[in-house]
Amino acid sequence: MHEVRVESLDRVELMGGELWLSVNSGSLNLILPREVWEELLSGVSEAEEPRPEELAELDRIRQRLTDHARERSFATVMEDVSCGEGADLRYHLVLRPSEPFAVTTGYHFVPVIRRELAERVRRALGEDRFVEQAYLIGAVAEQGAIAAGDENLKTLCVRGRRSSTSRFEMAPELWRVLSEGLGWSNVETVLPDGRE
């Protein structure tokens, strides 16, 4: 593999559907076909920082979930709960409806869902004796981080309204808040292999 460090960007041109970059004082030209630079740009847009309106939507989801659970007298409504035994992670919210056979769900809210955080939550959830399933909810997500969810760990991203689970399989209280409280009509389901 040959590596070249780009020290300067001298010229950028779009010619014939290709992106031409002249770098390092003109000593190197990079030619990127349309498919490559579009893929590059889509990866950059997913990794960018959340916009203020996305962060506000994330806060609304958290607040409305809390209000929903309290208004309906859930059996468990707790905030700032440890993720597993001895883990340095905390669920921002833990809910358990009052119905028989209800599942206790931990919610962790972050501006950016990262794959390594999903792995940490998954490991902590495996050791947790109280929380049975968890949701990692973010304003934006790194590429591939949404697909990091599994049967017990679900992920939900405000940007693009994407989730590792369909609205039909989602925790009822979460879908109710999203659809009735925030006007979401659906989520784009991302499968574990990254397909939608």
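What comes next concerns the included structure. In this text, all values refer to a predicted model and were calculated from it rather than measured experimentally.

Definitions and cut-offs
- Residues numbered from 1 in each chain as written.
- Predicted model: local features only at pLDDT ≥ 70, side-chain atom pairs only at ≥ 80, totals over all residues.
- Heavy atoms only, no water.
- Salt bridge = Lys/Arg side-chain N within 4 Å of Asp/Glu carboxyl O.
- Helix = DSSP H or I, 4+ residues; strand = E, 2+ residues; numbered from the N terminus.
- Buried < 20%, exposed > 50% of the residue type's maximum accessible area, 1.4 Å probe, protein only.
- Pairing = 2+ DSSP bridges.
- Contact = heavy atoms within 4.5 Å.
- Axes fitted to C-alpha atoms, helices over the stretch in contact; angles between N-to-C directions.
- Phe/Tyr/Trp six-rings, centres within 6.5 Å; stacked < 30°, edge-to-face > 60°.

Attention now goes to the pattern of salt bridges. In the structure shown here, the tally under the stated rule is 14 salt bridges. Where Arg159 meets Glu54, a salt bridge forms, and the shortest distance between an N and an O atom there is 2.7 Å. Of this pair, Arg159 sits in the loop between β8 (153–157) and β9 (162–163) while Glu54 sits in helix α2 (residues 52–71), placing them 105 residues apart in sequence. Residue Arg159 is classed as buried on the basis of its relative accessible area, which comes to 16%.

Moving on to the sheet that holds strand β6 (residues 105–113). Taking strand neighbours across the sheet as the criterion, the seven strands line up as β4-β5-β6-β7-β8-β9-β10 in an open arrangement whose pairing is mixed. On the outer flanks of this sheet lie β4 (76–82) and β10 (188–189), each paired with one strand and no other. Along the sheet face, helix α3 (residues 115–127) touches β5 (90–96), β6, β7 (133–141) and β8 and points at about 170° away from the line of β7. The sheet contacts of helix α4 (residues 172–181) involve β5, β6, β7 and β8, and relative to β6 the element is tilted by about 45°.

Okay, the packing of aromatic side chains next. Scanning the model with the defined rule gives two aromatic pairs in all. Judged by centre distance (6.3 Å) and plane angle (20°), the ring pair of Tyr107 and Phe109 falls under stacked. Here Tyr107 and Phe109 have matching classes, each one buried. Here the aromatic cluster, defined as three or more aromatic residues joined through ring pairs, consists of Tyr107, Phe109 and Tyr135.

Everything listed here is a matter of geometry and, on its own, says nothing about what the molecule does.
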